[in-house]
Amino acid sequence: MSSAATVHQWHLANGWAGIGYHYLIRKDGTIERGRPRDTVGAHCYGENWHSIGVNIVGNFEVAMPTDAQLDAAERLVARLCQMYGLRPGSRTIKGHRDFNATACPGQNLYDMLPDVIAGVGEIMAFHYRWFSHDEELTDEFGVRHSRALLDKKKEPAQPTKYARGEIASMIVALAAFCYGFWTGIAPFILFGAAFLIYEVRRIMPAVFGPVGVPIANVMRGFSIVTLFGAVLLLFL
Ligand SMILES: [Zn+2]
């Protein structure tokens, strides 16, 4: 019976860098690791650079794959699809003969490929439920959005309108500012200024666009410092 170790020896004898497949599934359903998953395989001429090679041991021109092998293949491919963000289907799960002039993987197994794909889909149904919004994660060309863009989408929009209570408090703050200015009482000036700056900062992004965001942040910092100054002055 072929194991990954013996195939490794054969492929070394071929002058290859050891076993050409990434995985090998033995008749008893044991999944063996071949070439590391993050290295290019030597399993399918012309398609190695973007595919994972899974060898199911047996001559399926004459024999049938065992149930254990089919079961293991479905579990393995489901996990691979999940890892690489692939939807199981006839475009992602292929037989060797789809690309090269070969009988591989044998007529019997090749005929069962749609069943294997269906089995993978069943295993992945759970995965789908959690990641069913995949479309929203990609742009119109199917290219994934960057993390930064996804985070930005989740951010609530900056409010640009003031509630009535906020307008009232701004008028009070303005009155305090004017009163402080008029009488020369510094804490009043600072309290008023702090509240006004804190409220006005919010419309900065709407007024100045992207540049308004850092401006708003600076204003917030400035207003907090001013408030501290006012409190300090009050108690000095
Ligand atoms: Zn093959």
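Bear in mind the structure is a predicted one, so any value in this text is a computation, not a measurement.

## Some thoughts on the packing of helix α5 (residues 164-183) against helix α6 (residues 186-200)
Viewed as axis vectors pointing N to C, α5 and α6 meet at an angle of 150°, and their least axial separation amounts to 7 Å. In terms of orientation, α5 and α6 fall into the roughly antiparallel class. Note that α5 runs across α6; the crossing there is left-handed. For the pair α5 and α6, contact is made by E166, S169, M170, A173, L174, A176, F177, Y179, G180 and F181 and by A186, F188, I189, F191, G192, A193, F195, L196 and E199, respectively. Looking at the contact of α5 with α6, its residues break down into 14 nonpolar, three polar and two charged.

## Some thoughts on the confidence of the model for the protein chain
Predicted confidence across the protein chain gives a mean pLDDT of 85, with 86% of residues reaching 70 or more. Between the elements of the protein chain, mean pLDDT differs from a low of 70, seen in helix α4 (residues 147-154), to a high of 95, seen in strand β3 (residues 54-56).

## Quick notes on the sheet that holds β3
Pairing is mixed in the open sheet, where three strands are placed in the order β2-β1-β3. Each edge of the sheet is formed by a strand with only one pairing partner; in this case those strands are β2 (31-33) and β3. Neighbour-to-neighbour, the strand axes of the sheet open up by a mean angle of 20°, direction not taken into account. Pairing between strand β1 (residues 23-25) and β2: three bridges, direction antiparallel. Note that in β2 the partner of Y23 across the bridge is R33. Where helix α2 (residues 67-84) meets the sheet, its contacts fall on β1, β2 and β3, and the angle it forms with β3 comes to roughly 170°.

## Structural notes on α6
Look at α6: 21 Å from first C-alpha to last across 15 residues, which is about the 21 Å you get at 1.5 Å a residue. Among all positions of α6, only F188, I189, L190, F191, G192, A193, A194 and F195 are buried. Residues of α6 that are buried sit in contact with α5 and α8 (212-235).

Parameters and conventions
- Residues numbered from 1 in each chain as written.
- Predicted model: local features only at pLDDT ≥ 70, side-chain atom pairs only at ≥ 80, totals over all residues.
- Axes fitted to C-alpha atoms, helices over the stretch in contact; angles between N-to-C directions.
- Helix = DSSP H or I, 4+ residues; strand = E, 2+ residues; numbered from the N terminus.
- Parallel < 35°, antiparallel > 145°, perpendicular 65-115°, else oblique.
- Left-handed = near helix turned anticlockwise from the far one by under 90°.
- Contact = placed C-beta atoms within 7 Å.
- Nonpolar A, V, L, I, M, F, W, Y, C, P; charged D, E, K, R; others polar.
- pLDDT = per-residue confidence, 0-100.
- Pairing = 2+ DSSP bridges.
- Expected span 1.5 Å × (residues − 1).
- Buried ≥ 20, exposed ≤ 12 C-beta atoms within 10 Å, placed from the backbone.

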